[in-house]
Amino acid sequence: MCVAIPLLVKSIEDLQAEVEMGGVTRVVSLDLTPEAKVGDYVIVHAGYAIGILDEEEALETLELFRQIADLTEGEDEVSG
Amino acid sequence: MKYLDEFRDPALAAALVQNIRRRSNRPIRIMEFCGTHTVSIFKHGIRQLLPPAIEMLSGPGCPVCVTANADLDWAITLTGEPEVILTTFGDMLRVPGSRSSLEKTRAEGADVRVVYSTLDALQIARDNPDRPVVFLGIGFETTAPTIAASVLQAEAEEVTNYYILSMHKLTPPATRAILDAGDSRLDGIIGPGHVTTVIGSQAWEFLPRDYGISCAITGFEPLDILQGIYALVDRIEAGQREVTNVYSRSVRPEGNRVALEHMYKVFEICAADWRGIGEVPASGLRFREQYHRFDARDRFEVDPGPTLEPSECLCGDVIRGVKTPPECGLFREVCTPHHPVGPCMVSSEGTCAAYYLYAGEQD
């Protein structure tokens, strides 16, 4: 039920958005995310976008993962 | 940034696993609430990567699985009413009720239609103005706002033949009920990423405050889940209890206010009956007075008869994290995805189905 893949907003008309993933497009409602803009990635659930992804936060999370990986690697070298 | 491959990097996953192994010292029990997490954890083999001290349990986060038989029976009986078109998400079709299923009544001639969205159900109502069209409203806080939005749309368009059978459920009260029961003995909870996108991470602050349990809100990709597990292990080992949001690209502390406004404009909180848990106060949604004309329970009088539970089926215990599917005598022998006895084997997000498909013989 909560399966939701990030979809790219290609165009918007009257709170209806054309969204795309891997070349496949469909129309979803922006009733619950009226602030979504073209170029945003939205989380779509049962035909409605229920959330908008924040790129800055995503990049920070990935950076955190990389720091952990670097740290782990460094410790390996020390311990190895 | 496409938000998918970046969060599936095997090298980063290996580093996160190593980090978890290093930090983990004592045995802990972690429950993932959400069925989509359950499937992702199995699909990516995450359980096998974790040190033996970390026990992962699946929770009640599959709406199909927690729908009480009495509610399902009501829906199945409703399909026998003259001219009714029942619309539903596909997962509900094969769930066995006390005496039948929606799939069986459809085979017997009832008009049961699978839809992807309430937008489809509303379109069926527009196309069939002389027939009552009922949408089977199951789901958590992710689904309820979409159903509320369709009701508001129907109101605006003056569609008078569109009804909802509201069986929505709220996730924090169910989590409380599981913790109050005490038999799952949890140390940490992986919070549902998309439910929390709607309700906000603040909604889980009661876990550290009232129960001394940490909660990590995570997304559904492998790196998200591993980082969530690491956050829980780290807090538990450090003796800290808090809510950590590792899905900040989607989840804000306050959630999605527009979605919550839609939901609470149409619905108000009520008690709800959960399979395996029983009646949980303030854990369901019913129509507010001014939207009663959309309520299928007001429009139809249906007598589904007495409720029967499948004997020997342990879905109720599985939902509470008290038993695992292999502990059920029916699992894999009698109960399979082709011939499901209980809902946890029917739903694609059910714990039994996930064990059957991904865990192999070793579990």
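Residues numbered from 1 in each chain as written. Chains lettered and ligands numbered in written order. Predicted model: local features only at pLDDT ≥ 70, side-chain atom pairs only at ≥ 80, totals over all residues. Heavy atoms only, no water.

Novice: Explain the packing of helix 1 (residues 10-23) of chain B against helix 12 (residues 222-238) of chain B to me, using residue names and the numbers behind them.
Specialist: Residue and element names in this part refer to chain B. In the contact formed by helix 1 and helix 12, the axes pass within 9 Å of each other and the chain directions differ by 15 degrees. Considering their axes alone, helix 1 and helix 12 lie roughly parallel with respect to each other. Here the hand of the crossing between helix 1 and helix 12 comes out left-handed. Contacts between helix 1 and helix 12 involve L12, A13, L16, V17, N19, I20 and R23 on the former and, on the latter, L223, L226, Q227, I229, Y230, V233, D234, E237 and A238. Residue classes in the contact of helix 1 with helix 12 are distributed as eleven nonpolar, two polar and three charged. (Axes fitted to C-alpha atoms, helices over the stretch in contact; angles between N-to-C directions. Helix = DSSP H or I, 4+ residues; strand = E, 2+ residues; numbered from the N terminus. Parallel < 35°, antiparallel > 145°, perpendicular 65-115°, else oblique. Left-handed = near helix turned anticlockwise from the far one by under 90°. Contact = heavy atoms within 4.5 Å. Nonpolar A, V, L, I, M, F, W, Y, C, P; charged D, E, K, R; others polar.)

Novice: For the interface of chain B and chain A, give the residues involved together with the corresponding values.
Specialist: On the chain A side, the residues contacting the 46 residues of chain B number 39 residues. Buried area between chain B and chain A, summed over both chains or domains, comes out near 3700 Å², and the portion from carbon and sulfur atoms is 66%. Taken as a group, M1(B), Y3(B) and Y116(B) account for 16% of the area that chain B buries against chain A, more than any other trio of residues on that side. At the surface where chain B touches chain A, the tally comes to zero salt bridges. Inspection of the chain B/chain A interface yields nine residue pairs in polar contact (both at pLDDT 80 or more). Elements supplying a minimum of two residues to the side of chain B that touches chain A: helix 1, helix 7 (118-127), helix 8 (144-157), helix 10 (193-199), helix 12 and helix 13 (257-266) of chain B. Among the elements that line the side of chain B that touches chain A, the one with the most residues is helix 1 of chain B, at six residues. Looking at side-chain class alone, the side of chain B that touches chain A contains 21 nonpolar, 18 polar and seven charged residues. (Buried area = accessible area lost by both parts, 1.4 Å probe. Salt bridge = Lys/Arg side-chain N within 4 Å of Asp/Glu carboxyl O. Polar contact = N/O pair within 3.5 Å; in protein donor to acceptor, adjacent residues only side chain to side chain.)

Novice: Give a detailed account of the pairing of strand 5 (residues 133-137) of chain B, specifying residues and quantitative values.
Specialist: Residue and element names in this part refer to chain B. In terms of residue burial, strand 5 counts as a mostly covered element, since five of its five residues are buried. Residues V133, F135 and G137 of strand 5 are buried on one face, and the alternating residues V134 and L136, pointing to the opposite face, are buried as well. Relative to strand 5, strand 3 (residues 85-88) is paired through three bridges, and the arrangement is parallel. Counted as the bridge partner of T87 is F135 from strand 5. The sheet contact formed by strand 5 and strand 6 (residues 162-166) spans five bridges and is parallel. (Buried < 20%, exposed > 50% of the residue type's maximum accessible area, 1.4 Å probe, protein only. Pairing = 2+ DSSP bridges.)

Novice: Would you mind going over the pattern of salt bridges in detail, with residue names and values included?
Specialist: All names here are of chain B. Going through the model one piece at a time under the given rule, you end up with 21 salt bridges over all chains. With a closest N to O distance of 3.4 Å, E83 and R131 form a salt bridge. Taken as a pair, E83 in the loop between helix 5 (69-78) and strand 3 and R131 in the loop between helix 7 and strand 5 lie far apart in primary sequence, 48 residues in all. Assessed through its relative accessible area of 21%, R131 is described here as partly exposed.

Novice: Run through the nonpolar core, naming residues and quoting values.
Specialist: The nonpolar side chains of soluble globular proteins are, as a tendency, buried together. Core analysis: the biggest nonpolar cluster contains 136 residues, and I54(B), V134(B), Y162(B), I229(B) and F300(B) have the highest contact counts within it. Among all residues touching V134(B), those that are not within four sequence positions of it are L78(B), V84(B), I85(B), L86(B), T87(B), Y163(B), L165(B), A296(B) and F300(B). In terms of nonpolar packing, the next biggest core, distinct from the first, is built from eleven residues, A17(A), V28(A), V42(A) and A49(A) among them. (Core = buried A, V, L, I, M, F, W, Y, C linked by side-chain atoms within 4.5 Å.)

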